[in-house]
Amino acid sequence: MELDRIENILEKYFQGETTIAEEKELKDYFSSPNVAQHLEQYQPMFGYFSQVKQQKSTQEIPLQTKKRNVAWLSIAASAVVLLGIGTYFFAGEQNAAPTVAQSELGTYDNPEEALKATQKALALLSNNVNVGIGSVQYINEYEQSKNKIFKQ
């Protein structure tokens, strides 16, 4: 009866359908001295699994680690940051107008000068708005042409 069970489990083992408990039962059976003669051919295979399980590897595996020189990397990063800060302040000084103070902009003591400056600024704004209105007229003509062609 036990022999039939072992043969069934062995057949399931080669089909890949055994459970861990059944595989343990096969290993126990084939490691015992009472193996049936027609099944002795499988004994070295299951004996090998038991042997390998007991073996321990003593070979050392050398790990190759790449050393990065962090000091040089941090020095380079610091230099880039300092260069960026220096460029920012240098460019900022050149763009600033040194002759006119920020608090003096837009203030006039004489009302007539203020009126002339305001009229000049409004005329500039008016010219720019008129250019924009002319562009919008071209867009309106385009829309009308498109509507004629595609007839919505």
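Structure: above.
Residues numbered from 1 in each chain as written. Predicted model: local features only at pLDDT ≥ 70, side-chain atom pairs only at ≥ 80, totals over all residues. Heavy atoms only, no water.

Some details on the overall build of the protein chain
Here is step 1 of the chain: A count of helical and extended segments in the protein chain gives five helices and zero strands.
Here is step 2 of the chain: Going residue by residue from the N terminus, the α and β elements of the protein chain occur as α-α-α-α-α.
Here is step 3 of the chain: Residues classed as buried in the protein chain amount to 9% of the 152 residues present.
Here is step 4 of the chain: Taking as baseline every contact in the protein chain between residues at least 6 positions apart, the subset at least 24 positions apart corresponds to 36%.
Here is step 5 of the chain: With the model as given, the accessible surface of the protein chain reaches about 14,200 Å², and the carbon-plus-sulfur share is 57%. (Helix = DSSP H or I, 4+ residues; strand = E, 2+ residues; numbered from the N terminus. Buried < 20%, exposed > 50% of the residue type's maximum accessible area, 1.4 Å probe, protein only. Contact = heavy atoms within 4.5 Å. Areas by Shrake-Rupley, 256 points an atom, 1.4 Å probe, with all protein chains shown as cover.)

Description of the packing of aromatic side chains
Here is step 1 of the chain: One pass over the structure, following the stated rule, counts five aromatic pairs.
Here is step 2 of the chain: On the basis of an interplanar angle of 75° and a centroid distance of 5.6 Å, the ring pair of Tyr13 and Phe14 is categorised as edge-to-face.
Here is step 3 of the chain: Aromatic pair Tyr88 and Phe89: ring centres 5.5 Å apart, planes at 65°, arrangement edge-to-face.
Here is step 4 of the chain: Under the relative-accessibility criterion, Tyr88 is labelled exposed at 62%.
Here is step 5 of the chain: Counting every residue linked through ring pairs, the aromatic cluster contains Tyr13, Phe14, Tyr29, Phe30 and Tyr42. (Phe/Tyr/Trp six-rings, centres within 6.5 Å; stacked < 30°, edge-to-face > 60°.)

Details of the side chain of Glu22
Here is step 1 of the chain: With respect to the helices, strands and loops of the structure, Glu22 is situated in helix α2 (residues 20-31).
Here is step 2 of the chain: A polar side-chain atom of Glu22 sits 3.0 Å from the main-chain amide nitrogen of Thr19.
Here is step 3 of the chain: Glu22 has contacts with Ile9, Lys12 and Glu17, leaving out every residue within four places of it along the chain. (Polar contact = N/O pair within 3.5 Å; in protein donor to acceptor, adjacent residues only side chain to side chain.)

Some details on helix α5 (residues 111-150)
Here is step 1 of the chain: When the terminal C-alpha atoms of α5 are compared, their 58 Å separation across 40 residues agrees well with the 58 Å that a helix rising 1.5 Å per residue should span.
Here is step 2 of the chain: In this structure Asn110 caps α5, since a side-chain oxygen of it lies 3.2 Å from the backbone nitrogen of Glu112.
Here is step 3 of the chain: Lys151 occupies a position one or two residues after α5 and carries a positive phi of about 40°. (Expected span 1.5 Å × (residues − 1).)

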